[in-house]
Amino acid sequence: MKTLMVFDFDDTVVDDNSDTWVIRCLPSNTLPDSVKNSYRKGHWTEFMGSVMNYIGGQKVSPEKIRSVMETIPFTAGMTDLLTFISDHKSTIDCIVISDSNTLFIDWILQASGLQAAVDRVFTNPARFNELGYMEVRCHHSHDCERCPVNLCKRKVLQRYLSEQSAGGVEYQRVLYAGDGGNDLCPASCLGGRDVVMPRKGFALEKLLVKLEDGAPLSARVVTWSSGADILEELKASMQS
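What you are looking at is a predicted structure, and each value in this text was computed from that prediction instead of being measured.

Describing the sheet that holds strand β8 (residues 220-221)
Turning to step 1, where the next piece is worked out: Judged by pairing direction, the sheet is parallel, and its six strands sit side by side in the order β3-β2-β1-β6-β7-β8 without closing on themselves. On the outer flanks of this sheet lie β3 (120-124) and β8, each paired with one strand and no other.
Turning to step 2, where the next piece is worked out: Relative to strand β7 (residues 195-198), strand β6 (residues 171-178) runs parallel, the two being bridged by four bridges. Following the sheet pairing, A177 is matched in β7 by M197.

Below is the structure:
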């Protein structure tokens, strides 16, 4: 049976937030207060629509945006991890579930030459309109009260596992690596054979510590600081 490796993207695969990295394409490297103050909690994708509309209004070309996004650094050890996954596609499936967008993730993975490691990317769809402005839409709608309005990662993961099972693919184990608060919901649906891997020192790890006093997860928790830590756990899982 195969192993499924699930990644968040920002501050997991890459060592920064792609949605804030894009600000570097502006000459001032900053947004005006009118855009900054438009953010509403739980409506990040809507906010990013305003950000990209402002960037487009500053006559920043799609080519410039892409060139800036391709400079975002990968987290230490992550390229080795993704290369290992690419070399073992017969036994490892790999998906990304992210609150970023399709263009940013595709550009970054293609520039690194690591896109072959990832079988599916679930994120907010993005495109350039006729004015050359980038538009970002919500990935889906859902009724989960714990997640932002545009994306419930648990719903995405459960649907993917269900679709795979219907196609005859069952996983021996699921490993989920992430860092943020929106990674707690999918972590809560993992089973006893699975492993949730929060990045050390980030929000997900702190939330999981709080859970230990209440309703702990079924999955085993293993913290990570670099891709090498995840790779070690992945190799051990494949052998057990």
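Read on for the rest.
Topic: the pattern of salt bridges
Should the charged atoms of two oppositely charged side chains come close, the side chains can pair.
Turning to step 1, where the next piece is worked out: Evaluation of the coordinates by the stated rule reveals nine salt bridges.
Turning to step 2, where the next piece is worked out: Between D15 and R199 there is a salt bridge whose closest N-O contact spans 2.7 Å. Of this pair, D15 sits in the loop between β1 (2-7) and α1 (18-21) while R199 sits in the loop between β7 and α9 (203-211), and the two are 184 residues apart along the sequence.
Turning to step 3, where the next piece is worked out: With a relative accessible area of 34%, D15 lands in the partly exposed category.

Remarks on the pairing of β3
Turning to step 1, where the next piece is worked out: As defined by bridge partners, strand β2 (residues 92-101) adjoins β3 across four bridges and the pair is classed as parallel. In the strand pairing of β3, N101 is matched with N124.
Turning to step 2, where the next piece is worked out: The handedness of the β2 to β3 crossover, carried by helix α6 (residues 102-112), is right-handed.

Considering the layout of surface pockets
Turning to step 1, where the next piece is worked out: Its volume calculated, the largest pocket comes out at about 490 Å³.
Turning to step 2, where the next piece is worked out: If you go around the largest pocket, you meet 20 residues; those closest to its centre are W44, D99, P148, G181 and N182.
Turning to step 3, where the next piece is worked out: Tallying contributions element by element places β2 first for the lining of the largest pocket, with three residues.
Turning to step 4, where the next piece is worked out: Across the lining of the largest pocket, the residue classes tally to three nonpolar, seven polar and 10 charged.
Turning to step 5, where the next piece is worked out: One number sums up the size of the second largest pocket: a volume of about 210 Å³.
Turning to step 6, where the next piece is worked out: Residue lining of the second largest pocket: 14 residues in total, with L161, Y171, V174, R193 and D194 positioned closest to the centre.
Turning to step 7, where the next piece is worked out: Every element with two or more residues in the lining of the second largest pocket is listed here: α7 (153-166) and β6.
Turning to step 8, where the next piece is worked out: Ranked by the residues each element gives to the lining of the second largest pocket, the list is headed by β6, at four residues.
Turning to step 9, where the next piece is worked out: Partitioning the lining of the second largest pocket into residue classes produces six nonpolar, four polar and four charged.

Cut-offs and rules
Residues numbered from 1 in each chain as written. Predicted model: local features only at pLDDT ≥ 70, side-chain atom pairs only at ≥ 80, totals over all residues. Heavy atoms only, no water. Pairing = 2+ DSSP bridges. Helix = DSSP H or I, 4+ residues; strand = E, 2+ residues; numbered from the N terminus. Salt bridge = Lys/Arg side-chain N within 4 Å of Asp/Glu carboxyl O. Buried < 20%, exposed > 50% of the residue type's maximum accessible area, 1.4 Å probe, protein only. Right-handed = clockwise from strand over helix to strand, strands pointing away. 1 Å grid on protein atoms, 1.4 Å probe; cavity = no way out; pocket = protein on both sides within 12 Å on 5 of 7 lines; lining within 4 Å. Points joined across faces, edges and corners; volume = space filled by probe spheres on them. Nonpolar A, V, L, I, M, F, W, Y, C, P; charged D, E, K, R; others polar.

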